[in-house]
Amino acid sequence: MAAETQRISSTIDPAEVARFDGIARDWWDPKGPMAVLHKFNPVRLAFVRDEACAHFGRDPRRMRALDGLSLVDIGCGGGVLSEPLARLGAEVTGLDPAPTNIAVARAHAEKGRLSIDYREETIEAVVESGKRFDIVLAMEVVEHVADVEAFVAACCAAVKPDGLLVMATLNRTLKSYALAIVGAEYVLRWLPKGTHDWEKFVTPAELGGAIEGNGFTLGTQTGVVFNPLTGRWTAARDMDVNYMLAASRGGGA
C-alpha cells in the first residue's frame, strides 16, 4: 500500500513529548501521576490478549498465550503495558519519542529481567526500516499525535499481512470533556492538568474510517468505563469516553 512504499513524515507533537518526558520518572508509582493508568491497565491488557488469542487461534488461559508473536507498543511510556505483554510471551518492541520514558522503561525491565526492545524511535521510522509485526498497539496515543490519519497509516503499515491492529483512545463528546478533562484533571486530579486536549480526541467513526481507509476491516469495538463503587475500569457498551478497537487487513479481527 502507499503508506508502506512512500516516506512517511513524523506525526510526533513536540509539546506532547515534552509533557510526558517531564513526568516520566513517576511511571511506576501506583499512587503518582500515572495512578489512573495502573488501574486502567488490566482491562486493556485483557482486551489485547483476548483479541490476539482469538485472531491467532491461541488459548487466552495459557500463561504464555502470546508466545512467539512479535508486538510493537507505540507510545510505550515507562513500559506499564509492555511488561505484562512480554510476560505473556510476546516479543515486545516499545517505542516512545521521550528519552526519559525509554530510560525508565529499560531500567524497570532490566530489574524485572525482561527482554524488551525499547527504542527512542517513531513508528514512521520503524516502518521505513521495513520492520513489521504480528500485533501493533497504539493505546492512548492517537489523542496526542499531530496528524491522526498519517499516524494511523503508519500503524497500519507496520502490521504484517495476517497481523492485528489494536488501538485505544478517547471519544470527542461533551461527556468526555466533562469526565476526562474537567473531572479527571481538575476535580479528581487523576492526571496532571493539560494532559489532554479535547479538540484532539477522536470519534470511533473518525478512527474507524482512517483504519478502513488503509485496507483494514474493523473487528471488536468496546467502551471502557470507571465504576466509582469498585474503583475498577471495565469493558462496556458505552463508548462515549474511552474506547478500544481491533482490526485486521482485509478480514475480521
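Residues numbered from 1 in each chain as written. Predicted model: local features only at pLDDT ≥ 70, side-chain atom pairs only at ≥ 80, totals over all residues. Heavy atoms only, no water.

### So, the environment of V80
Turning to step 1, where the next piece is worked out: Mapped onto the secondary structure, V80 falls in the loop between β1 (70-74) and α4 (82-87).
Turning to step 2, where the next piece is worked out: A C-alpha to C-alpha distance of 9.9 Å links V80 and A109, two positions 29 residues apart in sequence.
Turning to step 3, where the next piece is worked out: Beyond its immediate sequence surroundings of up to four residues, V80 is in contact with W27, W28, L37, H38, N41 and R44. (Helix = DSSP H or I, 4+ residues; strand = E, 2+ residues; numbered from the N terminus. Contact = heavy atoms within 4.5 Å.)

### With respect to the UniProt feature "binding site: S-adenosyl-L-methionine" (unreviewed entry) in the protein chain
Turning to step 1, where the next piece is worked out: Mapped onto this numbering, the UniProt entry gives "binding site: S-adenosyl-L-methionine" (unreviewed entry) at R44, G75, D96 and M139.
Turning to step 2, where the next piece is worked out: On the secondary structure map, G75 appears in the loop between β1 and α4.
Turning to step 3, where the next piece is worked out: Setting aside anything within four residues of it in sequence, one finds G75 in contact with L95, D96 and V141.
Turning to step 4, where the next piece is worked out: Among the secondary structure elements, M139 is positioned in strand β4 (residues 133-139).
Turning to step 5, where the next piece is worked out: The exposure class of M139 is buried, given its relative accessible area of 4%. (UniProt positions renumbered as here; feature names shortened; annotations may be inferred. Buried < 20%, exposed > 50% of the residue type's maximum accessible area, 1.4 Å probe, protein only.)

### Digging into helix α9 (residues 204-212)
Turning to step 1, where the next piece is worked out: Three or more residues of α9 are buried, namely P204, L207, G208, A210 and I211. Buried residues of α9, seen end-on, are gathered within an arc of 160° and therefore sit on one face of the element.
Turning to step 2, where the next piece is worked out: In this structure, the buried side of α9 is in contact with α7 (148-157), β5 (159-170), β6 (216-227) and β8 (242-249). (Arc of directions from axis to C-beta.)

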